[in-house]
Amino acid sequence: MERKMEESTVRDVETGSETGGEDALVGNVNKLMVSPPGYSGALRKGHLVFDACFESGNLGRVDYISEFEFDLFIRPDTCNPRFRVWFNFTVENVRETQRVIFNVVNFSKTKSLYRDGMSPVVKSTSRPKWQRLPAKNVYYYRCPDHRRNYVMSFAFCFDREDDIYQFAYCYPYTYSRLQHYLASLERRNLPYLQREQLGLSVQQRQLDLLTITNCDQHQSPEREKKLVFLTARVHPGESPASFICQGVIDFLVSQHPVAQILRDHVIFKIVPMLNPDGVYLGNYRCSLMGFDLNRHWQDPSPWAHPTLHAVKQLIVQMSQDPRVSLEFYIDVHAHSTMLNGFMYGNVFEDEERVQRQAVFPRLLCQNAPDFSFSNTSFNRDVVKAGTGRRFLGGLLDDTSYCYTLEVSFYSYMTAGSTAPVPYTEETYMKLGRNVARTFLDYYKLNNLIKDNIPAHLQCSEMKFHTGNGNGKGNGRDTSDREREKSQGVGH
């Protein structure tokens, strides 16, 4: 059966003027009513009103196909038409029991977790908690009516007329949400947390840097603290990275005994949102000016890539400071085709260094049931040369390790499970907490735990930690690091 699009009227609700066509792809739709062909009367219940003119919103155009079906076009990343993946829009003026099919028709990616059961997330005014649509209502297929592009169609039934419904590719985490979260942390006046502005984006949004560590005045000056540097949201549509990052931060600033020990021995520096303009604008992969920032680490421009330039300057400066022991760089992302959490690492000629690089992912696999070591891989792909992992892996010394931490947009499989478990905001944050905990094992600090835990809590607290319990797990201590330096292992 041939599928035809009827000539519909698309009007701006605020002005009443007709709009649509190719011009609608330039920006997000602004409270657009999509009415039946030739209709020019007053707005009726069931004439859907779409909106994406809000923070992290994305919807470029809506075509009326029939009373029950609408084609939706993702607005490409600003200044870069290649990337069309992230969507985030609202629908209002619905009729109770109104059933619709939405076809997202212009995805730029062919491979997608929609083939494997992923579904969009939805919330409404009266039900503000995000939830995934039933997978049985979602279809992903190549469509001859849209130049054989891949289309994701989903069926939905509106059930409350006064609600505004919001649909998104994945759980949104906006720039404003981050600012509110960081402000709430600052109000707690924690002595071991410092927030500073590292720079500004092209649109003058704040690039935040958090430093988390205990400042012990009685600590011996010759005792060298390790430094772990973590970044997230270089790709703005990869919102799960922000939940992981918040999980890391929440744990490190908590009163948990493990967090207290980590603050005594490690300095954590965290840039939670490396591409604030892209996040604000609802882009999937690019900055305001259309750059994939994770391909510009080698030579970032202070005017075109100011946030990346500022972070790189800081890391280069620390790498040249003999007082700083920068051992880890971890860049957090989300993955659109794979399940679980996993890591990418670099390739080294020296076999011992290869083995050492695998230690942290192996320990994380023991601590986090959703992390997959079998999905973890080490490569030197040419196309990845401009990424943070590859560039900093070549810049930092031989005892430092650089990783990309990936997590699925959709779900994870655990040992013995027969079906994937969809991620929630909370389980993303839990992975972040487990990432932070793993540094206890890596630095062989397990033996300090009992001294920090009240007797009545020791049994329950110890369950969080892997290893052999005597502090002699698979990680590294100061003697390991000194031995590596003396061996002079090179690239």
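Thresholds applied
- Residues numbered from 1 in each chain as written.
- Predicted model: local features only at pLDDT ≥ 70, side-chain atom pairs only at ≥ 80, totals over all residues.
- Heavy atoms only, no water.
- UniProt positions renumbered as here; feature names shortened; annotations may be inferred.
- Helix = DSSP H or I, 4+ residues; strand = E, 2+ residues; numbered from the N terminus.
- Buried < 20%, exposed > 50% of the residue type's maximum accessible area, 1.4 Å probe, protein only.
- Contact = heavy atoms within 4.5 Å.
- Areas by Shrake-Rupley, 256 points an atom, 1.4 Å probe, with all protein chains shown as cover.
- Axes fitted to C-alpha atoms, helices over the stretch in contact; angles between N-to-C directions.
- Parallel < 35°, antiparallel > 145°, perpendicular 65-115°, else oblique.
- Left-handed = near helix turned anticlockwise from the far one by under 90°.
- Nonpolar A, V, L, I, M, F, W, Y, C, P; charged D, E, K, R; others polar.
- Expected span 1.5 Å × (residues − 1).
- Pairing = 2+ DSSP bridges.
- Core = buried A, V, L, I, M, F, W, Y, C linked by side-chain atoms within 4.5 Å.
- Domains from an automatic or database assignment.

- As named in an unreviewed UniProt entry, the chain is Cytosolic carboxypeptidase 6, taken from Sparus aurata.
- As its UniProt record puts it under Cofactor (unreviewed entry), the chain is described as follows: "Zn(2+)".
- Looking at the chain in UniProt, the text filed under Subunit (unreviewed entry) is "Interacts with MYLK."

## Quick word on the overall build of the chain
No. 1: Counting its regular elements, the chain contains 12 helices and 23 strands.
No. 2: Taking all 491 residues of the chain together, 57% fall into the buried category.
No. 3: For the chain, contacts bridging at least 24 residues in sequence account for 73% of all contacts bridging at least 6.
No. 4: Only carbon and sulfur atoms are counted for the fraction: they give 50% of the accessible area of the chain, which is about 21000 Å².

## Considerations on the packing of helix α3 (residues 257-265) against helix α9 (residues 425-442)
No. 1: Interaxial distance between α3 and α9 falls to 10 Å at its minimum, and their mutual angle equals 60 degrees. Looking at the two axes, α3 sits oblique to α9. The element α3 and its partner α9 pack so that their crossing is left-handed. Facing V258, I261 and L262 of α3, the residues of α9 in contact are A436, R437, F439 and L440.
No. 2: Per-class residue counts for the contact of α3 with α9 are 6 nonpolar, no polar and 1 charged.

## Thoughts on the environment of A358
No. 1: Within the secondary structure, A358 sits in the loop between α6 (351-357) and α7 (359-367).
No. 2: Along the sequence, A358 and F378 sit 20 residues apart, while their C-alpha atoms lie 9.1 Å from each other.
No. 3: Beyond its immediate stretch of four places on either side in the chain, A358 contacts F373 and F378.

## A word on α7
No. 1: By the burial criterion, the buried members of α7 are V359, F360, P361, L363, L364 and N367.
No. 2: Contact partners of the buried residues in α7: β18 (325-335), β19 (341-345), α6, β21 (401-408) and α9.

## What about helix α2 (residues 240-252)?
No. 1: For α2, which comprises 13 residues, the first-to-last C-alpha distance of 19 Å matches the rise-based estimate of 18 Å (1.5 Å per residue) to within 8%.
No. 2: For α2, the buried fraction is high: 12 of the 13 residues fall into the buried class.
No. 3: If you check which residues of α2 are buried, you get P240, A241, S242, F243, I244, C245, Q246, G247, V248, I249, F251 and L252.

## Regarding the sheet that holds β19
In sheet architecture, strand pairing relies on hydrogen bonds along the backbone and comes in two forms, parallel and antiparallel.
No. 1: Strand order in the open sheet formed by 8 strands is β14-β15-β17-β16-β18-β21-β19-β20, and the pairing between neighbours is mixed. Only two strands of the sheet have a single neighbouring strand rather than two, namely β14 (193-200) and β20 (377-378).
No. 2: Across 2 bridges, the pairing between β19 and β20 is parallel. Residue pairing for β20: G345 is matched across the bridge by F378.
No. 3: Contacts from α2 reach β15 (206-212), β16 (226-232), β17 (266-271), β18 and β21, with the element oriented near 150 degrees to β17.

## Structural notes on the nonpolar core
What tends to happen in soluble globular proteins is that the nonpolar side chains get buried as a cluster.
No. 1: Membership of the largest hydrophobic core comes to 104 residues, with the highest contact counts inside it found for F50 and F102.
No. 2: In this structure, this core is formed jointly by two domains, domain 1 (32-168) and domain 2 (175-446), each of which donates at least three residues.
No. 3: Judged by nonpolar contacts, the second largest core, of 21 residues, contains L209, L227, V234 and I315.

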